[in-house]
Amino acid sequence: MKKNKVTIIVLVVLFLTPLFYAIWLYNSDWRPVTTSNYGTLITPARPLSEFSLKTISGSNLGLNDIKQKWAMIVVGPANCQQACKDNLYKMRQVHTLQAKHQPRLRRYMIVTDNDGLPVLKSLLVKEYPKMIVVNSPQKEIKKLVEQFKIDDNDVVASLHRIYVMDPHGNLMMYYEKDTVGTDIYKDLKKLLRKSQIG
């Protein structure tokens, strides 16, 4: 009889300990430190201001034209060196791998100058025909690029980051240039699967 009492007490303690621990964690405002994404979250998400730009094909492009879809955005000079080319390639592969979610995601490049533009145009036509590229007017480009600064000292065009913008026009995440494409793909796959917008 005494053995049964001890067994019951042990079982009750075993079952109640996790409950009390969970209550203690909840009341102490404890939250996990790590997140499961590979990119760096921009908190709070940063809404882009209205802009009026021209694409390299001469079309008008404003903030309302890029809202309603998720977007991957790179910023850089027209003289697209290896880090820039790597980002364009990663973005294309990530976009392609989204399968049924491809129409919900667009790719943009903001060109910060026009030196070497003919070579960039040739590369884009040949390798990245679905990339939307804006390059003018340069005064508006400069104002827009300022909004991509994470730190005051950032020289955005030389950082080779890939930024993610949500369908409401908010910058919400970015990837450093050494982030591998499969990690970006995993983040965006999860984002597109869970999101009801865009």
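Since this is a predicted model, take the numbers as computed values, not measurements.

Rules used throughout
- Residues numbered from 1 in each chain as written.
- Predicted model: local features only at pLDDT ≥ 70, side-chain atom pairs only at ≥ 80, totals over all residues.
- Heavy atoms only, no water.
- Helix = DSSP H or I, 4+ residues; strand = E, 2+ residues; numbered from the N terminus.
- Rg over C-alpha atoms; globule rule 2.2 N^0.38 Å.
- Disulfide = S-S within 2.5 Å.
- Buried < 20%, exposed > 50% of the residue type's maximum accessible area, 1.4 Å probe, protein only.
- Core = buried A, V, L, I, M, F, W, Y, C linked by side-chain atoms within 4.5 Å.
- Contact = heavy atoms within 4.5 Å.
- Pairing = 2+ DSSP bridges.
- Axes fitted to C-alpha atoms, helices over the stretch in contact; angles between N-to-C directions.
- Salt bridge = Lys/Arg side-chain N within 4 Å of Asp/Glu carboxyl O.

Peer 1: Any chance you could explain the overall build of the protein chain here in plain terms?
Peer 2: Assigned secondary structure in the protein chain consists of 6 helices and 8 strands. The linear arrangement of helices and strands in the protein chain, starting from the amino end, is α-β-β-β-α-β-α-β-α-β-α-β-β-α. Relative to the globule expectation of 16 Å for 198 residues, the C-alpha radius of gyration of the protein chain, 23 Å, shows a markedly less compact shape. Expressed as lengths along the three principal axes of its C-alpha atoms, the size of the protein chain is roughly 90 × 35 × 30 Å.

Peer 1: Looking at this structure, I do not really get the state of the cysteines. What am I missing?
Peer 2: Note on terminology: disulfide describes a covalent bond linking the sulfur atoms of two cysteines. Applying the stated criterion across every chain, the model contains 1 disulfide. Across a sulfur-sulfur distance of 1.9 Å, cysteine 80 and cysteine 84 are joined as a disulfide pair. On the sign convention where negative is left-handed, the bridge of cysteine 80 and cysteine 84, at about -100° about the S-S bond, is left-handed. Take cysteine 84: its relative accessible area is 8%, and that puts it in the buried class.

Peer 1: Explain the nonpolar core to me, please; I cannot follow it from the model alone.
Peer 2: Side chains of a nonpolar character, in soluble globular proteins, are inclined to be buried together. Core analysis: the largest hydrophobic core is formed by 27 residues, its most contacted members being Leu88, Met109, Leu120 and Met131. Where this core is concerned, the elements lending two or more residues are strand S4 (70–76), helix H3 (82–97), strand S5 (105–111), helix H4 (117–127), strand S7 (162–165), strand S8 (170–175) and helix H6 (181–194). Apart from residues no more than four positions distant in its own chain, leucine 88 is found in contact with Val74, Cys80, Met109, Leu123, Leu124, Tyr128 and Met131.

Peer 1: Would you mind showing me how to read the pairing of S8 here?
Peer 2: Two faces, one strand: in a regular strand the side chains alternate between the faces of the sheet. Counting buried positions along S8 yields 6 of 6 residues, so the element is predominantly enclosed. The sheet contact formed by strand S1 (residues 40–47) and S8 spans 4 bridges and is antiparallel. By the bridge assignment for S8, proline 47 is matched with asparagine 170. Here S7 runs beside S8; their pairing, made up of 4 bridges, is antiparallel. Each residue of the ladder has a partner; that of isoleucine 162, found in S8, is tyrosine 175. Hairpin connection between S7 and S8: a loop of 4 residues separates the two successive antiparallel strands, and glycine 169 in this loop has a positive phi of roughly 90°.

Peer 1: Honestly, the sheet that holds strand S2 (residues 52–55) in this entry has me stumped. Any pointers?
Peer 2: Taken together, the 8 strands give an open sheet; going across it, the order is S1-S8-S7-S4-S5-S6-S2-S3, and neighbouring strands pair in mixed fashion. Every other strand in the sheet has two partners, leaving S1 and strand S3 (60–62) as the edge strands with one partner each. Each strand of the sheet is rotated relative to its neighbour by a mean of 35°, with strand direction disregarded. Across the sheet, H6 touches S4, S5, S7 and S8, and the angle it forms with S8 is around 150°.

Peer 1: Help me understand the pattern of salt bridges, please; the structure alone is not making it clear to me.
Peer 2: Opposite charge on two side chains lets them pair, provided their charged atoms get close. Per the stated rule, a full pass over the model turns up 5 salt bridges. Two residues, lysine 143 and glutamate 140, come together in a salt bridge whose shortest N-O distance is 3.2 Å. One end of the pair, lysine 143, and the other, glutamate 140, are both in helix H5 (residues 138–146), 3 residues apart, so they sit about a helical turn from each other. The structure contains a network of salt bridges with shared partners spanning Asp154, Arg161 and Glu176.

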